[in-house]
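One letter stands for each residue in the lines below.
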Amino acid sequence: MTHPGPQIIAGVDTHKDTHTAAVLDEHGRLLATAGFPATGDGYRQLLDWLATFGTPTVAGVEGTGSYGAGLTGYLTRAGVQVVEVARPDRATRRRKGKDDPADAEAAARAVLATRATVIPKQRHGQVEALRQLRVARRSAVTQRATVQRQIQDLVVTAAEEVRAPLRGLRAAALVRRCAADTCDPAGYADPTTAARIALRSLARRHQQLTTEIKTLDKMIEPLVRAINPTLLAQPGIGPDTAGQLLVTAGANPQRLHSQAAFAMLCGAAPLPASSGRTQRHRLNRGGDRQANCALYLIVLSRLRWNPQTQAYAQRRTTEGLSKKEIIRCLKRYLAREIYQIITAEHTHGCQPTPA
């Protein structure tokens, strides 16, 4: 999409119902600010409004993965480059105050000063479908774990006649036993009967969540295999960990300019913490923690089953490294390996249909 006139830079402060935009010329002068509804018509009005000032070459958008996701996709399809902008820091807000036009102007100035350079993830295609399915699965897994703990807590505090037949049962057998209970609900006022009713309710909820997780897994595995079969074929990488890493990289992994950038995104790149004569690095606690967890699980699997990883761990142990330090090194190497697989698959355009 092309527009006549000089080049301009836009900044957008996004919210649930409205977006506020600001326009700067190429010299950094503020031309105007305006608000628009956060709807399809609002996106069109915003772009038409920008075109009255010139050619919108780049737009800095806050919240490209949340409230600004729809606008980001619309502008990208219209040929406008979108850059992700972080909200202003607290010191700036205390000094200059805060309102939507000021935040929109700050977003535009961050782009103009090249402080904001991050290309947002594209939210379309198979990777976006995978992300949405994984959101539902992760929620079901979390709820099931909560239900399992509640069952254990109720068993511990229940009367002896309730605890006795359940004592020593493993988790799966405990859930089956509680779900099959045939107690009469009419006696709910009695603590013993109430405990059996509660355990039956929780156990059946546990079974429903398990069925939901299995149903989602049947969709996720072929989808992961369709997106990147090479990644799924690597040792220690299953559908769950591969799916998380693909979602973290996004549908446009070319936005990650190097394997170091991907490692930083996954929180697997150590941060410099040197001062004076002390030269050292510290643990990186930032990045996508779900991706970092996926790397950790893959490393644990390879330490148990992969001979090359076991040999590396043994050699570094003789050099004096602790197990935690070895795992951190392996996560960094693994991030490099996965980045090469993801970017190579994307470059080759391999998108086979699910088996």
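See above for the structure.
Residues numbered from 1 in each chain as written. Predicted model: local features only at pLDDT ≥ 70, side-chain atom pairs only at ≥ 80, totals over all residues. Heavy atoms only, no water.

**Side note on the overall build of the protein**
Threshold: By the criteria applied, helices consist of DSSP H or I runs no shorter than four residues and strands consist of E runs no shorter than two, each listed in order from the N terminus. Radius of gyration here is computed from C-alpha atoms only, and the compact-globule reference equals 2.2 Å multiplied by the residue count raised to the power 0.38. Note on classification: 1.4 Å probe, protein chains only; a residue is buried when its accessible area is under 20% of the maximum for its type, exposed when over 50%, partly exposed between these limits. Residue contacts are defined here by distance: any two heavy atoms, one from each residue, within 4.5 Å place the two residues in contact. Only four residue types enter the tally: Lys and Arg on the positive side, Asp and Glu on the negative side; His and the chain ends are excluded. By convention, the charge on Lys lies at NZ, on Arg at CZ, on Asp at CG and on Glu at CD.
Summing up its helical and strand segments, the protein has 14 helices and seven strands in all. For a compact globule of 355 residues, the expected C-alpha radius of gyration is about 20 Å, and the protein comes in at 26 Å, more than 25% above that figure. If you line up the protein on its principal axes, its C-alpha atoms span 80 × 60 × 50 Å. Relative to its 355 residues, the protein shows a buried fraction of 40%. Look at the contacts in the protein between residues 6 or more apart in sequence, and 62% of them connect residues 24 or more apart. With 49 positive and 29 negative side-chain charges, the protein shows a spacing of 8 Å between the two charge centroids.

**Considering helix α10 (residues 239-249)**
Given 3.6 residues to a turn, an α-helix orients residues that are three or four positions apart in the same direction. For α10, the tally of buried residues reaches nine of 11 residues, placing the bulk of the element in the interior. Those residues of α10 that fall on the buried side of the exposure criterion are Thr 241, Ala 242, Gly 243, Gln 244, Leu 245, Leu 246, Val 247, Thr 248 and Ala 249. Looking one or two residues beyond α10, the residue adopting positive phi is Gly 250, at roughly 85°.

**Details of the pattern of salt bridges**
Rules: Here, a salt bridge means any Lys or Arg side-chain nitrogen found within 4 Å of an Asp or Glu carboxyl oxygen.
Counting across every chain of the model gives 15 salt bridges. Of the charged contacts in the structure, one is a salt bridge between Asp 48 and Arg 44, with a shortest N-O distance of 3.7 Å. Taken as a pair, Asp 48 and Arg 44 lie in helix α1 (residues 40-51) at a separation of four residues, close to a single helical turn. On the basis of relative accessibility, which here comes to 37%, the residue Asp 48 falls in the partly exposed class. Salt-bridge contacts for Glu 221 lead to Arg 225; the nearest nitrogen and oxygen are separated by 3.2 Å. Residue Glu 221 and its partner Arg 225 are both found in helix α8 (residues 191-227); the two are separated by four residues, about one turn of the helix. For Glu 221, a relative accessible area of 36% gives the class partly exposed. Arg 225 sits in the partly exposed class, given a relative accessible area of 36%. Salt bridges linked by common partners bring Arg 134, Arg 137, Asp 217 and Asp 240 together as one network.

**Examining empty space enclosed by the protein**
The probe, sized like a water molecule, is rolled over the atoms to show the empty space still left. What counts, and what does not: Only protein atoms enter the 1 Å grid used here, on which a cavity is any set of points holding a 1.4 Å probe that cannot leave and a pocket is any open set flanked by protein within 12 Å on both sides along at least five of seven lines; residues with an atom within 4 Å of a point are listed as lining. Grid points are joined across faces, edges and corners, and a volume is the space filled by probe spheres set on the points. Under the scheme applied, nonpolar residues are Ala, Val, Leu, Ile, Met, Phe, Trp, Tyr, Cys and Pro; charged residues are Asp, Glu, Lys and Arg; polar residues are all the others, including Gly.
By the definition in use, this model includes one cavity of 30 Å³ or more. Approximately 50 Å³ is the volume attributed to the largest cavity. No other element matches helix α5 (residues 125-157), which puts three residues into the lining of the largest cavity. Each residue belonging to the lining of the largest cavity can be placed in one class, and the counts come to three nonpolar, two polar and four charged.

**Let's talk about the pairing of strand β5 (residues 81-85)**
The following threshold applies: For two strands to pair, DSSP has to find at least two bridges joining them. Handedness is read with the strands pointing away from the viewer; a crossover is right-handed when the path from the first strand over the helix to the second is clockwise.
Pairing geometry for strand β4 (residues 55-62) and β5, over five bridges, is parallel. Counted as the bridge partner of Val 61 is Glu 84 from β5. In this region the chain leaves β4, passes through helix α2 (residues 69-77) and returns to the parallel neighbour β5; the handedness of that crossover is right-handed.

**Quick look at the packing of aromatic side chains**
Let me state the cut-off plainly: Think of it this way: a Phe, Tyr or Trp ring, Trp meaning its six-membered ring, pairs with another when their centres are within 6.5 Å, and the plane angle makes it stacked under 30 degrees, edge-to-face over 60, tilted otherwise.
Tallied over the full model, the rule gives five aromatic pairs. For the pair Tyr 43 and Tyr 74, a centre-to-centre distance of 6.0 Å together with 45° between the ring planes defines the contact as tilted. Of this pair, Tyr 43 sits in helix α1 while Tyr 74 is found in helix α2, placing the two residues 31 residues apart along the sequence. Judged by relative accessible area, which is 13%, Tyr 43 ranks as buried. Overall, the relative accessible area of 24% leaves Tyr 74 in the partly exposed class. Among the aromatic side chains, those forming a connected cluster through ring pairs are Phe 36, Trp 49 and Phe 53.

**Re α5**
Under the convention used in this document: Every helix has an expected span of 1.5 Å times one less than the residues it contains.
An ideal rise of 1.5 Å per residue puts 48 Å on 33 residues; α5 measures up with 49 Å between its terminal C-alpha atoms. Where α5 is concerned, the buried positions are Val 127, Glu 128, Leu 130, Arg 134, Arg 137, Ala 140, Val 147, Gln 148, Ile 151 and Val 155. At its buried positions, α5 is contacted by α6 (160-163), α7 (171-179), α8 and α10.

**Let's talk about unusual backbone geometry**
Negative phi is the rule for most residues except glycine; trans is the rule for most peptide bonds. For Thr 114, which is not a glycine, the phi torsion comes out positive at approximately 60°. In this fold, Thr 114 is placed in the loop between α4 (100-112) and α5. Residue classification places Thr 114 among the exposed residues on the basis of a relative accessible area of 57%.

**Some details on the nonpolar core**
The cut-off we apply is this: In this description, a nonpolar core means a group of buried Ala, Val, Leu, Ile, Met, Phe, Trp, Tyr and Cys residues linked to one another through side-chain atoms lying within 4.5 Å.
Ranked by internal contacts, the top residues of the largest apolar core, which has 39 residues, are Leu 130, Leu 231, Leu 245, Phe 262, Leu 295 and Ile 338. Counting only elements with at least two residues in this core, the list comes to α5, α8, α9 (229-232), α10, α11 (259-265), α12 (289-305), α13 (307-318) and α14 (323-348). Contacts of Phe 262, omitting those with residues within four sequence positions, involve Leu 245, Ala 249, Leu 256, Ala 335, Ile 338, Tyr 339 and Ile 342. Counting 19 residues, the second-largest nonpolar core is a separate cluster that includes Ala 10, Phe 36, Leu 46 and Leu 47.

**A few points about the pairing of β4**
Moving residue by residue along a regular strand, the side chains alternate between the two faces of the sheet. Burial analysis of β4 places seven of its eight residues in the buried class, which makes it a mostly covered element. Here strand β1 (residues 7-14) runs beside β4; their pairing, made up of six bridges, is parallel. Bridge assignment links Ile 8 to a residue of β4, and that residue is Pro 56.

Shape is all these values report; function is a separate question.
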